[in-house]
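# Breakdown of the fold
Here are the chains, one letter per residue:
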Amino acid sequence: MNLIYSIPNELYYIKNFLDYNNYKKIHNAIFKERKNIKLHSSKGVWDDGLINNIIPPERAIVSKYHPFEILKTLTNHNKFYKLQLKHITTTIHYMKKGSGINWHSDASWNYGATYYINNRWNSQFGGELMFTSKNGHGYIPVVGNSLVLIKSPLEHKVNPVLSQIVPRVSVQMFMK
């Protein structure tokens, strides 16, 4: 685990978040089994403002999958921050060309985390996570096996995906 960037108590960007074997289990389960994952549009589930004028991401809620349980445990307890949270959800987000998420704060949750799955993402593919606060602003690139933890109410968005071939795939966790 390598802390790459942080705004203390607002945002943490960590590369090599899981050991290689657990990362590969999650990666392979999502990419090799994607036809078996029952993805559905976030339209009608999310507030319209999140996906206004962009293509809604596809998503699937996942529970009781062992590698995700390891991901949740390390997200809750690691050397860079301590959360001690009671409830963590896990959802796969699958973003094809034109998909993104508009500015928002995940205000109904204490924290949101994005765990990136793509191991061959090119900066030309878009899909960056943008953030802004009084303490800093910028973007986080899509890098496989990295995690971005955001404390609410930090404003953030996902730029639209530009790749026609490669989808942006992540595991989203929301925590209270």
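Residues numbered from 1 in each chain as written. Predicted model: local features only at pLDDT ≥ 70, side-chain atom pairs only at ≥ 80, totals over all residues. Heavy atoms only, no water.

Turning to the sheet that holds strand β8 (residues 129-133), a few remarks are in order. Ordered in space as β6-β11-β8-β9, the 4 strands form an open sheet in which the pairing is antiparallel. In this open sheet, the two strands that pair with only one neighbour each are β6 (101-104) and β9 (136-140). Between one strand and the next, the sheet's axes are offset by a mean angle of 10°, whatever the strand orientation. Relative to β9, β8 is paired through 5 bridges, and the arrangement is antiparallel. The residue bridging S133 from the neighbouring strand is G136, located in β9. (Pairing = 2+ DSSP bridges. Helix = DSSP H or I, 4+ residues; strand = E, 2+ residues; numbered from the N terminus. Axes fitted to C-alpha atoms, helices over the stretch in contact; angles between N-to-C directions.)

On to helix α1 (residues 20-32). An ideal rise of 1.5 Å per residue puts 18 Å on 13 residues; α1 measures up with 17 Å between its terminal C-alpha atoms. Taken as a whole, α1 has its buried residues at N22, Y23, I26, H27, A29, I30 and F31. On its buried side, α1 packs onto α3 (66-76), β5 (88-95), β7 (111-116) and β12 (168-175). Near the N-terminus of α1, the side chain that reaches the backbone nitrogen of N21, with its oxygen 3.2 Å away, is that of D19. (Expected span 1.5 Å × (residues − 1). Buried < 20%, exposed > 50% of the residue type's maximum accessible area, 1.4 Å probe, protein only. Contact = heavy atoms within 4.5 Å. Polar contact = N/O pair within 3.5 Å; in protein donor to acceptor, adjacent residues only side chain to side chain.)

For the structure on display, the rule yields 2 salt bridges. E58 is the salt-bridge partner of K96, the closest N and O atoms lying 4.0 Å from each other. Taken as a pair, K96 in the loop between β5 and β6 and E58 in strand β4 (residues 58-61) lie far apart in primary sequence, 38 residues in all. Exposure remark for E58: the relative accessible area of 25% places this residue in the partly exposed category. For E69, the salt bridge goes to K72, with nearest N and O atoms at 3.3 Å. (Salt bridge = Lys/Arg side-chain N within 4 Å of Asp/Glu carboxyl O.)

Strand order in the open sheet formed by 8 strands is β1-β2-β10-β7-β12-β5-β4-β3, and the pairing between neighbours is antiparallel. Across the chains shown, the open sheet's two edge strands, defined by having one partner strand only, are β1 (2-7) and β3 (40-41). Sheet topology note: the strand β2 (residues 11-15)/strand β10 (residues 147-151) ladder contains 4 bridges and is antiparallel. Across the sheet, Y12 pairs through a bridge with L149, a residue of β10. Seen against the sheet, α1 touches β5, β7 and β12 and runs at an angle of roughly 115° to β12. Packing of α3 onto the sheet brings it into contact with β5, β7, β10 and β12, and relative to β12 it is tilted by some 55°.

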